[in-house]
Structure formats: structure tokens, C-alpha cells
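Analysis of the macromolecular model
Spelled out, the chains give:
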Amino acid sequence: MQIELKIKKFVEVETDCLVAFVVDTGAKDSPLPSVLGGKALADLSDELAAAGELTGKPMETVLLHQPAGLKAKRLLFVGCGKANKIGGVELRRLAGAAVRFLRARSIKDIAFALPDEGEWENKLEKDKSHAQASSGSRASFAGLDVARAIVEGAFVADFDPDVYKSHRRDLSLHSLTVVASPARKSTEKSLASTLNSARIIGESQNFTRQLVNEPGNAMTPTVLADRARKMASECGLKCEVLGPKEIQKHKMGAFWAVAKGSEEPPALIVLRYEPSGAPSNPVIGLVGKGVTFDSGGISIKPADGMEKMKYDMAGGAAMLGAMRAIALLKPKVRVTAIVCATENMPSGKAYKPGDVEIAMSGKSIEIINTDAEGRMILADGLAYARELGCTHLVDAATLTGACVVALGMINAGIFANDDSLYDRFHEAQQSAGEKFWRLPVEDEYQEMIKSGIADIVNSAGRWGGAISAAMFLKEFVEDTPWIHLDIAGIAWMEEAKPWIAKGPTGIAVRSLVQFVQDFA
């Protein structure tokens, strides 16, 4: 998809469809739609509003053909709801809903009318309820952030997972134009830079989704490593891949315990971003779970739904997508990514409940459940990141069903052993428009993972399962500032939404990139 910025009057824009946002500034039971985009667009909405066809309610879409006074072939009004309810999450979804609405009608070239500076704030002043925005503050609606959200939301929407269908229709957009009024001429350079950054992040999020979407027979650990090498070569990253011999040489007993059950060899993928002029400290370590297919091993999963376990490498794929964006955006901070890629399969060589495995750090682990394999491979990935000199760690994994039970499919889980590092990530996720909810890693939970025969167990049972998994990982970071992202409930969209297709979401890529940029 090509991204373009135009400084032009909205009525003069030539496009297949111009998109304008509409907010509801009326009372609770008396909607009053108000178009963001000046008088010319507002005049076109008045008749629709009077007829009750346009209310401004969230996700409402009203399409006009050959709108009077406009050079655009069509005009799409997108309802935003109350202005004070719109944050970064919502705005990306609204942009995505517009894109998917138009894609379904084979419209390939669209333009968004960028609200002028102050328009959001003016609508907020007219909204008498003055409730706080659900995601992001009023300040988040500066023009640059709105432009960024539009582009990122459009990329999320312009992705479909049906790549293997023999009669697939390619509905992808050809171009997306963000149109700013002449009053924004002075900000043209910064707007263009913002759109370029948003394009890079959007493309990188979809790169992650492409990896996650591949079936297990097409996306083995070896193939994932090859894709990482290719991306690294294209983007200027250093790439190293450790195979079975190197994994065993480094005494990564926890990783190898999982990997040895499969005929497919594991791969430990290491990517380094080391820009000239960056300080030697900090070094951000991004560690991802890359289980390309998870059968559960000897503790085999139920057959129902097992086909989705190709997505169990979503955490590792998110790290690859984040590294792609980081390499192209070039922040002045060192970053090392480690993706532990393997399958988890049952075989005569597979690890078993009751086994004791020795991790790279020297800790002994009693195996209770072989389906708790993600924390096993991350244990060695985190230890290796520390050995490579990473000073701050973030891991991402589709780790536990317990996190989905706790938070549903709306928020991902986040855990941290350092409050200041958590605060950094929290600010980054808000700016990126992604939803995480903090869960505890308190010392009292340590009792849950104690073993009678080894140092710790790899599964502590049903209660607080997401927390006990995080406590397990905490053992391997020691005093290094660390964040753990459990993305199990968010990495795969179970059903299509107006703004996104069913399938992989690419969750965490945007937040990770923003987090790294903030360090720079």
C-alpha cells in the first residue's frame, strides 16, 4: 500500500473515496452528529442527520456517491461516538473499519480527511459529560497522533489470512492518502515523517501476522530462521542462528528438553541492532517464544482447536516484526532479539512428566506438564540474553490459557519486576494504542512453583496460572529489569471485527517499537 500526504482543501481532493470522521456532540438520548473536516463536509451531513441516517454512533458508516461540491467520487462518514470516549485504540479501529468497509466494495484508492488542530478539543468542549477518554488523553489527539493512528489502523485492516484459497480475491488497497487542510501547511514536514514511521510500523505488524498465519508444515523453526535471516539482510540487522549442537553446547537444557521431541530441528535466532553512535548502555533484550506448532507434547492437547496452535510462535514473530521496524526507524539504542524456535511434539525422545531438566542458568526444573513448554524455552532465552549483555529485558509469548481466563480477549497480560520499567512500557503501549493489564509477581506466589525434587516445577496447577508462569520466568532474569507479556488471548482474533480480519493480530509490535524509541 502506498502512503501519501496532501496539503489541500478537502473539496478538491480527487480520490475513489474521501473518509471523514463524525462525532456525536448531543445529549445521551439525542445524538447530534458533527463532522470533523470543516463546513463543506458538514453541509453534506446535515440532510443525513436530519433524516436520522447519520448519528455519529461508533462504527457507523454512511456512504455517499458523487457528493455535491467534492471532486472525490464518494464520501464515507465514519461515526466515532462521543469525542471524550475516543483514544488511540478506538481511533485505529475506526480507521480500520473504514478501510474494511471500502475494501469489501473493491475500492482501492482512499483518502482520509485529517481533522485540523483543535477540532477534537472543540468537540470535547461541546460534549457536556466530560468523561475521561477510555484509552489515551486529550493530548493524544494532536494532529501527528491522529495521522499515525489512521495509517496504522489502515494497515491492520488491509490484511486477510486467506492466502491459500485457490480462488482468493485480492482486495488490498493500492493507496492511502492523508489529506490535511492548507492551515496545516507549516506542519507538512513533521506530518510526512509521521506517516512514513506509521507505514514502517504497519508493514512490520503485518510482517508478524504473515509469519503467524503460516501453517505448521510451512512455518517450521528452520523456515522461521530463514525468514529472519532474509529480513535482517534487507533491513541491515546482524543475524545469527544457533542449531541443535550450539543449543546443547550452551547447556540450554530447558530449551533442548522441548526441542528434542520433534523431528524438526530447533533454531535459536539472534538479531542485533547496533547503530553507530548509540551508547553502550542500555541494551534492550527482546525475547520471544517461537513454538511453530504446539501439540502439548506427552501431555497432549485436546484435538478440538489444536489446529490453531500454529500461532504459538506469535511472541517470537512479534519480536521479529519489532526488530524490522526498529532497524528501519533507526533509534539510537542497542537492541538484541532472541527467538527460541521449536516444535513441541510427542515422541519416544520427548521430555516427560516427572523428568528433571537443567536450564542454562543451572536451575533444575521438575516437569509436571509438557504443555508448559513456552516457559521452558524462554528460561534459556532470557538467560542467554543476559549472557549477551542485555541490561533490560522484555519477553512476549502466547504463554497461558490462564491469562485468557483472567483477562478475556480484550487485554493482554503484563508482568514486571521493576516499576519504572513498567511505567515506561505503559506509556509506550498507550501511545501505540494497544491494551495490556498488569498482573502481580509478588514473593508470596513463589511458593506455587517450588518442587520437592528440583528447584522449581514447570507448572503450578490451575489457580493463578498466568502468575505462576511469570514467577517461573522471573527465576531466570534475577535482578535484571524485566517485563513479561502474556499475549495468549490477544494474538489471534477468534472472529472478524469491523476493523480486523479473523486470525493473527500482530499484538505487541507497536508497543515494543515505541518502548525502544522512548529509550533513545
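In this text, all values refer to a predicted model and were calculated from it rather than measured experimentally.

1. Examining the confidence of the model for the chain
For residues with low pLDDT, the predicted coordinates do not support detailed interpretation. A residue-level look at the chain finds 95% of positions with pLDDT of 70 or above and a mean pLDDT of 94. In the predicted structure, residues 128–140 sits below a pLDDT of 50 and forms 23 contacts with residues beyond four places in sequence or in another chain.

2. Things to note about the nonpolar core
Taken as a class, soluble globular proteins show a tendency for nonpolar side chains to be buried jointly. Counting 65 residues, the largest nonpolar core has Leu286 and Leu485 as the members making the most contacts within it. A per-element tally of this core places helix α9 (residues 314–329) first, with 11 residues. Among all residues touching Leu485, those that are not within four sequence positions of it are Val394, Asp395, Ala396, Ala397, Gly413, Ile414, Phe425, Phe436, Ala508 and Leu512.

3. Considering the pattern of salt bridges
One pass over the structure, following the stated rule, counts 30 salt bridges. One salt bridge connects Arg103 with Asp160, and the closest N-O pair in it is separated by 3.1 Å. Of this pair, Arg103 sits in helix α2 (residues 88–103) while Asp160 sits in the loop between α4 (143–157) and β7 (175–180); the two residues are 57 residues apart in sequence, bridging distant segments of the chain. Grouping residues by exposure puts Arg103 and Asp160 together as buried. Between Lys363 and Glu475 there is a salt bridge; the shortest N-O distance is 3.2 Å. Of this pair, Lys363 sits in the loop between β12 (356–358) and β13 (364–366) while Glu475 sits in the loop between α13 (465–474) and β18 (482–486), placing them 112 residues apart in sequence. With relative accessibility at 23%, the residue Lys363 sits in the partly exposed group. Look at Glu475 and you get buried, because its relative accessible area is 18%. Here the salt bridges do not stand alone but share partners, grouping Arg92, Arg148, Glu152 and Arg510 into one network.

4. Remarks on the pairing of strand β10 (residues 283–294)
Within β10, 12 of the 12 residues are buried, which leaves the element mostly enclosed by the surrounding structure. Examined bridge by bridge, β10 and strand β11 (residues 334–344) share 11 bridges and lie parallel to one another. The partner of Lys289 across the bridge, within β11, is Cys340. Taken together, β10, α9 and β11 form a β-α-β motif whose crossover is right-handed.

5. Focus on the sheet that holds β12
Spatially, the three strands line up as an open sheet ordered β12-β13-β17, and their pairing is mixed. On the outer flanks of this sheet lie β12 and β17 (456–457), each paired with one strand and no other. In this structure, β13 lies alongside β17, joined through two bridges in parallel fashion. Paired with Glu366 across the strands is Val457, a residue of β17.

6. Describing the packing of aromatic side chains
For the coordinates displayed, the defined rule picks out six aromatic pairs. Between Phe472 and Phe476, the aromatic rings sit 5.3 Å apart at their centres with planes inclined by 50°, giving tilted as the arrangement. An identical accessibility class is assigned to Phe472 and Phe476; each is buried. Judged by centre distance (5.2 Å) and plane angle (75°), the ring pair of Phe515 and Phe519 falls under edge-to-face. Of this pair, Phe515 and Phe519 are both found in helix α14 (residues 509–519), four residues apart, which corresponds to roughly one turn of the helix. Each member of the pair Phe515 and Phe519 is classed as buried. Geometry around Phe101 places Arg105 over its ring, the cationic atom sitting 3.7 Å from the centre. Above the plane of the ring of Tyr311 lies Lys308, whose end atom (NZ or CZ) is 5.0 Å from the centre.

7. With respect to the side chain of Thr194
With respect to the element layout, Thr194 can be found in helix α5 (residues 188–213). Judged by its relative accessible area of 14%, Thr194 is buried. With residues up to four places along the chain from it excluded, the contact list for Thr194 reads Leu144 and Arg148.

8. What to know about the layout of surface pockets
Take a probe with the size of a water molecule and roll it over the atoms, and the empty space left behind shows itself. Approximately 930 Å³ is the volume attributed to the largest pocket. Taken together, 40 residues make up the lining of the largest pocket; nearest its centre are Lys301, Leu399, Thr400, Gly401 and Ala402. Looking at the lining of the largest pocket, the elements with two or more residues in it are β10, α11 (401–407) and α13. No other element matches the five residues that α11 contributes to the lining of the largest pocket. When the residues that make up the lining of the largest pocket are grouped by side-chain class, the tally is 18 nonpolar, 11 polar and 11 charged. Within this model, the second largest pocket holds a volume of roughly 560 Å³. Along the walls of the second largest pocket sit 23 residues, with Arg93, Ile490, Met493, Trp499 and Ile500 positioned nearest its centre. When residues of the lining of the second largest pocket are traced back to their parent elements, those giving at least two are α2, α4 and β19 (492–493). With three residues, α2 is the largest single contributor of residues to the lining of the second largest pocket.

Conventions used here
- Residues numbered from 1 in each chain as written.
- Predicted model: local features only at pLDDT ≥ 70, side-chain atom pairs only at ≥ 80, totals over all residues.
- Heavy atoms only, no water.
- pLDDT = per-residue confidence, 0-100.
- Contact = heavy atoms within 4.5 Å.
- Core = buried A, V, L, I, M, F, W, Y, C linked by side-chain atoms within 4.5 Å.
- Buried < 20%, exposed > 50% of the residue type's maximum accessible area, 1.4 Å probe, protein only.
- Helix = DSSP H or I, 4+ residues; strand = E, 2+ residues; numbered from the N terminus.
- Salt bridge = Lys/Arg side-chain N within 4 Å of Asp/Glu carboxyl O.
- Pairing = 2+ DSSP bridges.
- Right-handed = clockwise from strand over helix to strand, strands pointing away.
- Phe/Tyr/Trp six-rings, centres within 6.5 Å; stacked < 30°, edge-to-face > 60°.
- Lys NZ or Arg CZ within 6 Å of the ring centre and 35° of its normal.
- 1 Å grid on protein atoms, 1.4 Å probe; cavity = no way out; pocket = protein on both sides within 12 Å on 5 of 7 lines; lining within 4 Å.
- Points joined across faces, edges and corners; volume = space filled by probe spheres on them.
- Nonpolar A, V, L, I, M, F, W, Y, C, P; charged D, E, K, R; others polar.

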